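# Descriptive analysis of the structure
Residue-level listing of the chains:
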Amino acid sequence: MNIYFDFDGTLIDSKLRLYKLFQHLVCDSNLTYGQYWSFKQRKVSNQVILSSQFGYPDSKIRVFIDNWMILIEHEDFLIFDKPIIGVADTLKTLKESATLYVCTARHFSEPVMLQLEQFDLLKYFRKIMVTHQKYSKDELINNYVPEYCKSDWFIGDTGHDIQIGKKLHLNTCAVTSGFLSRQVLMEYDPDRILNSVTEFSL
């Protein structure tokens, strides 16, 4: 059996990084961390936040998006990431009965590898698959795990993760430790919804 894990929001908590980056790029923002994530967990995009809360025109929103993509994986902001509490123990247990993979939509492989090493998580995974914003997650799994089967699991924190799992006919598990609320995740009809990956068991 294989288990495919999304990275941000599933294995690591990257919410502080994203909030810090938003505040860095929107100098006039007085949104608190809680207010920002109240929007995001209801699936309100940064573009809508900028338009509705700060009156940004489309041209200014485009500049924000360009700068966001440049800085989102910069080391100055990655330092705010931290592993989900208890995730190492969960991975250690799951590895005893399954083969584990990371499948992430990050732009660059090196920061992912560095963070996994930093958090002492790399040793639990057979392969780290990164889309580089060129490939889809299902393409990566098809290319690198040809033996995947319907008993496998895809675990992630977004609706897209659940859709990918269903597209591959895998079991799906959504976690609320990341970017979307339980109510929003339920709309995608995952097989399980958990507060954290640390609650997952086979």
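Everything that follows concerns the structure shown earlier in this document.
Presented here is an overview of the structure given in this document. Just so it is clear, the model here is predicted, and its values are computed rather than measured.

According to the stated counting rule, one finds nine salt bridges in the structure shown. Here Asp120 ties to Lys123 by a salt bridge, and the two come within 3.2 Å at their closest N and O atoms. Note on Lys123: relative accessible area 48%, which makes it partly exposed. Through salt bridges that share partners, Asp8, Arg17, Asp81 and Arg106 make up one connected network.

Quick look at the pairing of strand β7 (residues 171-175) now. β7 sits mainly inside the fold: four of its five residues count as buried. Judged from the four bridges that link them, strand β6 (residues 153-156) and β7 form a sheet pairing that is parallel. Bridge assignment links Phe154 to a residue of β7, and that residue is Thr172. With helix α9 (residues 159-167) bridging β6 and its parallel neighbour β7, the resulting β-α-β unit is right-handed.

Under the criterion given, the structure shown has 13 aromatic pairs. Ring plane angle 80 degrees and centroid distance 5.7 Å describe the contact between Tyr19 and Tyr33, whose orientation is recorded as edge-to-face. Residue Tyr19 is located in helix α1 (residues 15-25), and its partner Tyr33 is located in helix α2 (residues 33-40); the two are separated by 14 residues in the primary sequence. Arranged with centres 6.0 Å apart and planes meeting at 50 degrees, the rings of Tyr19 and Tyr36 form a pair that is tilted. Within this pair, whereas Tyr19 is found in helix α1, its partner Tyr36 is found in helix α2, the two being separated by 17 residues in sequence. Overall, the relative accessible area of 13% leaves Tyr19 in the buried class. Tyr36 gets classed as buried once you look at its relative accessible area, which sits at 0%.

Ordered by their spatial adjacency, six strands build an open sheet running β5-β4-β1-β6-β7-β8, and the pairing between neighbours is parallel. Whereas interior strands pair on both sides, the edge strands pair on one side only; in this sheet they are β5 (127-130) and β8 (192-194). Sheet twist, expressed as the average angle between the axes of neighbouring strands with direction ignored, equals 20 degrees. Bridge analysis of β7 against β8 gives three bridges, and the strand direction is parallel. Residue pairing in the sheet places Val175 in a bridge with Leu194 of β8. Packing of α9 onto the sheet brings it into contact with β6 and β7, and relative to β7 it is tilted by some 175 degrees.

Another point: the pairing of strand β4 (residues 99-104). In terms of burial, β4 is a largely internal element, five of the six residues being buried. In the sheet, strand β1 (residues 2-5) pairs with β4 via four bridges, with the strands oriented parallel. Within β4, the residue paired with Phe5 across the bridge is Val102. With four bridges connecting them, β4 and β5 associate as parallel partners. Note that in β5 the partner of Thr104 across the bridge is Val130. The handedness of the β4 to β5 crossover, carried by helix α7 (residues 109-118), is right-handed.

Each value, and the rule that gives it
- Residues numbered from 1 in each chain as written.
- Predicted model: local features only at pLDDT ≥ 70, side-chain atom pairs only at ≥ 80, totals over all residues.
- Heavy atoms only, no water.
- Salt bridge = Lys/Arg side-chain N within 4 Å of Asp/Glu carboxyl O.
- Buried < 20%, exposed > 50% of the residue type's maximum accessible area, 1.4 Å probe, protein only.
- Helix = DSSP H or I, 4+ residues; strand = E, 2+ residues; numbered from the N terminus.
- Pairing = 2+ DSSP bridges.
- Right-handed = clockwise from strand over helix to strand, strands pointing away.
- Phe/Tyr/Trp six-rings, centres within 6.5 Å; stacked < 30°, edge-to-face > 60°.
- Axes fitted to C-alpha atoms, helices over the stretch in contact; angles between N-to-C directions.
- Contact = heavy atoms within 4.5 Å.

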